Amino acid sequence: MKDVFATQESEVRSYSRTWPATFDRALGSWLYDESGNAYLDFFAGAGALNYGHNNPLLKRKLIEYIERDGIHHGLDQATVARGEFLRTIDEKLFRPRGLNYKVQFPGPTGTNSVEAALKLARKITGRESIISFTNAFHGMTLGSLSVTGNSMKRGGAGIPLVHATPMPYDNYFDGQVDDFLYFESLLRDSGSGLNAPAAVIVETLQGEGGINDTRAEWLRGLSELCGRHGILLIVDDVQMGCGRTGPFFSFEHAGIEPDIVCLSKSIGGYGSPLALTLIKPEHDVWEPGEHNGTFRGNNPALVTATEALRQYWSDDELERATLAKGERVGEALLELCADHPGLLSKGRGLARGLGFAEPEMAGKVSKAAFDRGMILETSGPSDEVVKVMPPLTITEDELERGIRIIRDSVRSVLA
Ligand code: PMP
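Residues numbered from 1 in each chain as written. Predicted model: local features only at pLDDT ≥ 70, side-chain atom pairs only at ≥ 80, totals over all residues. Heavy atoms only, no water.

*Asks:* Quick question: what am I supposed to make of the packing of helix α4 (residues 80-94) against helix α10 (residues 299-312) here?
*Replies:* In helix packing, the relevant descriptors are the interaxial angle and the interaxial distance, both defined with respect to the helix axes. One way to put it is that α4 packs onto α10 with a least axis distance of 9 Å and a crossing angle of 25 degrees. Put simply, α4 runs roughly parallel to α10. Helix-helix and strand crossings are classified by hand; for α4 and α10 the assignment is left-handed. Between α4 and α10, the contacting residues are Ala81, Arg82, Glu84, Phe85, Thr88, Ile89, Lys92 and Leu93 on the first element and Asn299, Leu302, Val303, Ala305, Thr306, Leu309 and Arg310 on the second. The residue makeup of the contact of α4 with α10, split by class, is eight nonpolar, three polar and four charged. (Axes fitted to C-alpha atoms, helices over the stretch in contact; angles between N-to-C directions. Helix = DSSP H or I, 4+ residues; strand = E, 2+ residues; numbered from the N terminus. Parallel < 35°, antiparallel > 145°, perpendicular 65-115°, else oblique. Left-handed = near helix turned anticlockwise from the far one by under 90°. Contact = heavy atoms within 4.5 Å. Nonpolar A, V, L, I, M, F, W, Y, C, P; charged D, E, K, R; others polar.)

So, in C-alpha cells, the structure goes:
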C-alpha cells in the first residue's frame, strides 16, 4: 500500500505521514494499522476527536440518520438537522453561559471560519489590518495564512493578502515589559503604520505554536484594550474549543466575551468537517449571499454535533473529568521535568505539552513513543514541544498507560 502514496500523491504530504504505518480502523482512544497493530492516540486528530474515534453514542445517531435517508448534502438549505443544531447550541452552550451569538456556517473547515471572521471584522469596522501574535496558527488559505506566524508555512505563498501586524504573545517579555503599554504605544504612534486595526485575532492557548498558554488577566487586558480602541476581538477556538481546556470555550475562565469566535475540529463531534463563526448579534452585518460556498451545511456532521452537545454539555461532567485528567498529565510531566533539567511542562486542561531545549529530542521522543504503540505529535516553531492531547473521553487506565509510555520514551531518549 505504501508505494502508491509516494508515486501518486503530491509532495505536500504533511507531518502525520512521518508515522511509518498505514492506518485502517479506529475506536475510542485507539488507532489500528492495516496489520492490526494498535496505537494509543494522544494526538486526537489535532483536537478534532475530543470525543474519541467512532464514538458509539454519536455513531448510533449517524447510522439512524443515514438509514432514514436524512438530507446529506443540502447547500445552505433550511434542514431539520441544521434547525435542531441551532436550537441545541443555544440551549446547551450559549444560554447557560450568558452568551449571545449568531451562528454562521462559513464553509467546511477551521480556515473557512477564520476567513469569514477576518472579512466580517474588516466589513464592520471599515478598517483593514489585523493584529495577530507570534507563533499563531490560523489556517492555510491566504487570509488565515496572513495572520499565521510561521514563516515556513507562509514562505512559498508570497505577500500576505491581509495586512497583519505580529504582536508579542503573553509572557513574551517575561514580565520585563508591560505588553499592553507597548501595544497601546504602537496604536498611538501614527508613524508606526498601525492606525486602528480592524481586529485582534488570538488563540488563548496556541496549539500549533507549541502549547503556549496565556494568563486570564492578559486575556482580560487584551479584551479591555480592544474595547477602548474599538478593535474587534476574535478568539480562534478551532483547536482549543469544544472542551479541550476543560470548559467548552477556552476563554471562559477569563470571563471575556469575544466579538467573534471561530470553531471547527471537534464541533462536528465525529471527526467530520464542520465549522462555525460565532458573531455577536450587533456585528452580524452580512448581506444575504455575501459569503457562500457549496459545503456549508454538512448535515450528518450537524446531527453528530447536536448529539455531542446533548451528551457531553448538558452538565459539567466532561469539563470536570477533563480538568482532573489534565491535572494528572500535568503532574506526570512535572515529575519528568524534575528528573530531567531543561524540560518544560506546558498547557492547561487536556492541551498539554512537554518542551525540550533541543528540538530534535522532541522528535526522538515522538518516535520512541510510536515504537511503543503510541501516537504523540510535536509542535512549536522548531517542533520542540511534544503535544499531549488525548481524546477527552480517554479512560483513566488508558491515560495511565499513555503516561507510562511518555515517561519510558523520554527516559530512553535522554538516558
Ligand atoms: N485555527 C487553529 C487554532 C488551528 O489549530 C487550525 C488547525 N490546526 C486552524 C485554525 C485551521 O483549521 P483547518 O485545518 O481545519 O483549516
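After that view, the rundown keeps rolling.
*Asks:* Sorry, what's going on with the confidence of the model for the chain here?
*Replies:* Close inspection of predicted coordinates is inappropriate in any region flagged by low pLDDT. Taken as a whole, the chain shows an average pLDDT of 93; of its residues, 96% reach a score of 70 or greater. Quick note on the complex model: pTM equals 0.96, ipTM equals 0.99. (pLDDT = per-residue confidence, 0-100.)

*Asks:* Looking at this model, I keep getting lost on the packing of aromatic side chains. Mind explaining?
*Replies:* The description of an aromatic ring pair uses the distance of the two centres, along with the angle that the planes make with each other. By the definition in use, this model includes 13 aromatic pairs. Relative to Phe249, the ring of Phe248 has its centre 4.9 Å away and its plane inclined at 75 degrees; by these criteria the two rings are edge-to-face. Residue Phe248 is classed as buried on the basis of its relative accessible area of 0%. By relative accessible area, which is 0% here, Phe249 ends up buried. Through a chain of ring-to-ring contacts, three or more aromatic side chains come together here, namely Phe133, Tyr169, Phe180 and Trp218. Here the guanidinium or amino end of Arg82 rests over the ring plane of Phe105, the centre of that ring lying 4.5 Å away. (Phe/Tyr/Trp six-rings, centres within 6.5 Å; stacked < 30°, edge-to-face > 60°. Buried < 20%, exposed > 50% of the residue type's maximum accessible area, 1.4 Å probe, protein only. Lys NZ or Arg CZ within 6 Å of the ring centre and 35° of its normal.)

*Asks:* Mind showing me how you'd approach unusual backbone geometry here?
*Replies:* Trans peptide bonds make up most of the peptide bonds, and negative phi angles are found at most residues other than glycine. Look at Ala44: it is not a glycine, yet its phi comes out positive at around 50 degrees. The residue Ala44 is located in helix α2 (residues 44-47) in this model. A positive phi angle is found at Cys242, which is not glycine, with a value near 55 degrees. Positionally, Cys242 belongs in the loop between β10 (232-236) and β11 (260-263). We classify Cys242 as buried; its relative accessible area is 0%.

*Asks:* Which parts of the structure should I look at to understand the pairing of strand β1 (residues 23-27)?
*Replies:* Across four bridges, the pairing between β1 and strand β2 (residues 30-33) is antiparallel. The partner of Leu27 across the bridge, within β2, is Trp30. (Pairing = 2+ DSSP bridges.)

*Asks:* Before we go on, may I ask you to explain the site of the ligand in this structure?
*Replies:* What surrounds the ligand is the set Thr109, Gly110, Thr111, Phe137, His138, Gly139, Glu203, Glu208, Asp236, Val238, Gln239 and Lys265. Contact distances for the ligand include 3.0 Å between an oxygen atom and a side-chain N or O atom of Thr109. Separating an oxygen atom of the ligand from a backbone N or O atom of Thr111 is a distance of 2.9 Å. About the coverage of the ligand: the protein hides 83% of its 390 Å² of free accessible area. A class-by-class count of the residues in the shell around the ligand yields two nonpolar, six polar and four charged. (Near = heavy atom within 4 Å. Polar contact = N/O pair within 3.5 Å; in protein donor to acceptor, adjacent residues only side chain to side chain. Areas by Shrake-Rupley, 256 points an atom, 1.4 Å probe, with all protein chains shown as cover.)

*Asks:* Mind showing me how you'd approach the packing of helix α12 (residues 359-371) against helix α13 (residues 396-414) here?
*Replies:* Following both chains from N to C, one finds α12 and α13 inclined at 125 degrees, their axes separated by 9 Å at the closest point. Taken together, α12 and α13 sit at an angle that is classed as oblique. Crossing of α12 against α13: the hand is right-handed. From α12, Met361, Lys364, Val365, Ala368 and Ala369 reach across to α13, where they touch Ile405, Ser409, Val410, Ser412, Val413 and Leu414. Across the contact of α12 with α13, the residue classes tally to eight nonpolar, two polar and one charged.

*Asks:* Honestly, the environment of Arg215 in this entry has me stumped. Any pointers?
*Replies:* Locating Arg215 in the fold gives a position in the loop between β9 (212-213) and α9 (216-229). Between the C-alpha atom of Arg215 and that of Arg244, which follows or precedes it by 29 residues, the distance is 17 Å. When near neighbours in sequence (up to four residues on either side) are disregarded, Arg215 contacts Asp170, Asn171 and Asp179. Among the polar contacts listed, one links the side chain of Arg215 to the side chain of Asp170, at a separation of 2.5 Å.

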